[in-house]
Amino acid sequence: MADADVPLPTSAVLTAVSKHVGIRCSKVNQAYMQCKAEHSNPADCLGPGNEVTGCLVDLLKEVHAQAPAEFKKYYECLDYNSNKLHKCRTEQKAFEAAFKPKA
């Protein structure tokens, strides 16, 4: 994500997009966790780990392309409110209305 406008994946950014990560990256996350369960050497799971990272980066780029202003308001609210989702429902609703993820 070399784009200066695309946010770094801070805890607030990851919390804001977590629902979509859970849906979009489910299979690669499961493959990574299975690899970790089967191998004690972390180097054995670098490939699946890179796939998880790639999935997240692609999703963040898509979010930024479709709803940058709504996403920024949402993650800034989360950052300001220590990731307390209940304090940012208005911003969440606006983001969810603006962002239509690819299947």
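Worth saying up front: this structure is predicted, and the values here are computed from it rather than measured.

Quick look at the packing of helix 1 (residues 11–24) against helix 4 (residues 68–80)
For the pair helix 1 and helix 4, the least separation of the axes is 8 Å and the interaxial angle reads 120°. By the angle class used here, helix 1 and helix 4 are oblique. For the element pair helix 1 and helix 4, the recorded crossing hand is right-handed. Residues Ala12, Val13, Thr15, Ala16 and Val17 of helix 1 touch helix 4, and the partners they reach there are Phe71, Tyr74, Tyr75, Leu78 and Asp79. Partitioning the contact of helix 1 with helix 4 into residue classes produces eight nonpolar, one polar and one charged.

Description of the environment of asparagine 83
Mapping asparagine 83 onto the fold places it in the loop between helix 4 and helix 5 (89–98). By relative accessible area, asparagine 83 is classed as partly exposed at 25%. Residues asparagine 83 and tyrosine 32 lie 51 residues apart in sequence; the distance between their C-alpha atoms is 26 Å. In contact with asparagine 83, not counting residues within four places along its chain, are Ser11, Ala12, Thr15 and Leu78.

Notes on the nonpolar core
Counting 22 residues, the largest nonpolar core has Val17, Val63, Phe71 and Phe95 as its most contacted members. Of all elements in the fold, only helix 1, helix 3 (46–66) and helix 4 reach the threshold of two or more residues within this core. Ranked by the residues each element gives to this core, the list is headed by helix 3, at six residues. Those residues within four positions of valine 17 in sequence are excluded, and the remaining contacts are Leu56, Leu59, Leu60, Val63 and Phe71.

Calculation criteria
Residues numbered from 1 in each chain as written. Predicted model: local features only at pLDDT ≥ 70, side-chain atom pairs only at ≥ 80, totals over all residues. Heavy atoms only, no water. Axes fitted to C-alpha atoms, helices over the stretch in contact; angles between N-to-C directions. Helix = DSSP H or I, 4+ residues; strand = E, 2+ residues; numbered from the N terminus. Parallel < 35°, antiparallel > 145°, perpendicular 65-115°, else oblique. Left-handed = near helix turned anticlockwise from the far one by under 90°. Contact = heavy atoms within 4.5 Å. Nonpolar A, V, L, I, M, F, W, Y, C, P; charged D, E, K, R; others polar. Buried < 20%, exposed > 50% of the residue type's maximum accessible area, 1.4 Å probe, protein only. Core = buried A, V, L, I, M, F, W, Y, C linked by side-chain atoms within 4.5 Å.

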